[in-house]
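If you want the building blocks of each chain, they are given just below.
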Amino acid sequence: TQLLEQSPQFLSIQEGENLTVYCNSSSVFSSLQWYRQEPGEGPVLLVTVVTGGEVKKLKRLTFQFGDARKDSSLHITAAQPGDTGLYLCAGSRGSTLGRLYFGRGTQLTVWP
Amino acid sequence: DTGVSQNPRHKITKRGQNVTFRCDPISEHNRLYWYRQTLGQGPEFLTYFQNEAQLEKSRLLSDRFSAERPKGSFSTLEIQRTEQGDSAMYLCASSFYSRAEVREEAFFGQGTRLTVV
């Protein structure tokens, strides 16, 4: 069983639409990272959140860490074809980063 | 230095052969991680080092797997007597840890794709 559950697993939308990806757990995390991965490449770090309730914005992407630090969401406004990729959330449970627990990912496809 | 570097990018090997992968972390990073990713899954943790010390190993890291970071810089991951189930993307990441760093972040390399035939 995955420590972090991501939903939806697949998302196919038209350019200009908004979307939200969820990352949920019954466990508390000391920090949570969001990555984007292209086929055949390694994950690229988008953001790190460490405080319960924290909201971080990266252009059209908004990331939120739940108040209890058990869940997170990624919201994309006005999606573009360049946003296409696998979005992964990963959480750390220790006092330092250490081992990351990854979700299975959300495969996003944005059609022109 | 532009990021974490992994070599080779691709490796095809016959079942039963040994393979070794190399990872060069971002130069000032003292922590180095190995993960494995199979199709349709997120990366799974294998092991990590702080400088040359191996701090944690996953139960996924069977006796056939060994990782080293002898001088606290680059690391190697060796798989002995490869099996078809070892086919996966092997990812390396690095981070800078200090007691003063609240927002430690891990940066990944491009991975080594292993195919065991």
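The model shown is predicted, which means the values in this text are computed figures rather than measured ones. (Residues numbered from 1 in each chain as written. Chains lettered and ligands numbered in written order. Predicted model: local features only at pLDDT ≥ 70, side-chain atom pairs only at ≥ 80, totals over all residues. Heavy atoms only, no water.)

Chemist: Sorry if this is basic, but what is going on with the sheet that holds strand β8 (residues 71-76) of chain A here?
Modeler: Strands pair in a sheet through their backbones, by hydrogen bonds, and they do so in one of two ways: parallel or antiparallel. Residue and element names in this part refer to chain A. The strand order β1-β3-β8-β7-β6 describes an open sheet built from five strands, whose pairing is antiparallel. A single partner strand is all that each edge strand has here, and the edge strands are β1 (5-7) and β6 (55-58). Strand-to-strand, the axes of this sheet are offset by a mean angle of 15°, without reference to chain direction. Sheet topology note: the strand β3 (residues 19-24)/β8 ladder contains six bridges and is antiparallel. Among the inter-strand pairings, T20 is bridged to a residue of β8, identified as H75. (Pairing = 2+ DSSP bridges. Helix = DSSP H or I, 4+ residues; strand = E, 2+ residues; numbered from the N terminus. Axes fitted to C-alpha atoms, helices over the stretch in contact; angles between N-to-C directions.)

Chemist: Looking at this model, I keep getting lost on the nonpolar core. Mind explaining?
Modeler: Across soluble globular proteins, you tend to see nonpolar side chains buried next to one another. Ranked by internal contacts, the top residues of the largest apolar core, which has 21 residues, are A:I13, A:L19, A:L32, A:W34, A:L74, A:I76 and A:L108. Contributing elements (two or more residues each) for this core: β2 (10-14), β3, β4 (31-37), β5 (44-49), β7 (61-65), β8, β9 (85-92) and β11 (106-111) of chain A. With sequence-adjacent residues up to four places away left out, A:I76 is seen in contact with A:E17, A:N18, A:L19, A:R60, A:L61, A:D83, A:Y87 and A:L108. Counting 19 residues, the second-largest nonpolar core is a separate cluster that includes B:V4, B:C23, B:L77 and B:V116. (Core = buried A, V, L, I, M, F, W, Y, C linked by side-chain atoms within 4.5 Å. Buried < 20%, exposed > 50% of the residue type's maximum accessible area, 1.4 Å probe, protein only. Contact = heavy atoms within 4.5 Å.)

Chemist: When you look at the sheet that holds strand β1 (residues 5-7) of chain B in this model, what are you seeing that I'm missing?
Modeler: Residues and elements named next belong to chain B. Taken in spatial order, the four strands make up an open sheet running β1-β3-β8-β7, and their pairing is antiparallel. Strands at the two margins of the open sheet, each flanked by one partner only, are β1 and β7 (65-68). Taken pair by pair, the neighbouring strands of this sheet meet at an average axis angle of 15°, ignoring direction. In this sheet, strand β8 (residues 75-79) lies alongside strand β3 (residues 19-24) in antiparallel orientation, the contact comprising five bridges. Looking at the pairing, R22 lines up with T76 of β8.

Chemist: I'm lost on the interface of chain A and chain B in this one. Help?
Modeler: Often, the extent of an interface is quoted as the loss of accessible area upon association of its parts. Chain A puts 24 residues into the contact, and the matching count from chain B is 27 residues. Together chain A and chain B conceal approximately 2000 Å² of surface at their shared face, both sides included; 50% is due to carbon and sulfur atoms. The tally of links between chain A and chain B comes to three salt bridges. Of the charged contacts in the structure, one is a salt bridge between B:R9 and A:E41, with a shortest N-O distance of 3.7 Å. Summed over the shared surface of chain A and chain B, the number is twelve residue pairs in polar contact (both at pLDDT 80 or more). Sorting the residues of the side of chain A that touches chain B by element identifies β4, β5, β9 and β10 (100-102) of chain A as the ones contributing at least two each. For the side of chain A that touches chain B, the class distribution of residues is ten nonpolar, nine polar and five charged. (Buried area = accessible area lost by both parts, 1.4 Å probe. Salt bridge = Lys/Arg side-chain N within 4 Å of Asp/Glu carboxyl O. Polar contact = N/O pair within 3.5 Å; in protein donor to acceptor, adjacent residues only side chain to side chain. Nonpolar A, V, L, I, M, F, W, Y, C, P; charged D, E, K, R; others polar.)

Chemist: Please clarify how the pattern of salt bridges should be interpreted in this entry.
Modeler: Under the criterion given, the structure shown has nine salt bridges over all chains. Its salt-bridge partner being A:D83, residue A:R60 comes within 2.9 Å of it at the nearest N-O pair. In this pair, A:R60 sits in the loop between β6 and β7 while A:D83 sits in the loop between β8 and β9, placing the two residues 23 residues apart along the sequence. Of the charged contacts in the structure, one is a salt bridge between B:R31 and B:E104, with a shortest N-O distance of 3.5 Å. Of the two residues, B:R31 is situated in strand β4 (residues 31-37) and B:E104 in the loop between β9 (88-95) and β10 (107-108); the sequence distance between them amounts to 73 residues. An identical accessibility class is assigned to B:R31 and B:E104; each is buried. The network of salt bridges with shared partners includes B:R64, B:E83 and B:D86.

Chemist: Got a minute to help me understand the environment of B:E83 in this structure?
Modeler: Residues and elements named next belong to chain B. Locating E83 in the fold gives a position in the loop between β8 and β9. Taking the C-alpha atoms as reference, E83 lies 24 Å from R69; in sequence the two are 14 residues apart. E83 has contacts with R15, R64 and V116, leaving out every residue within four places of it along the chain.

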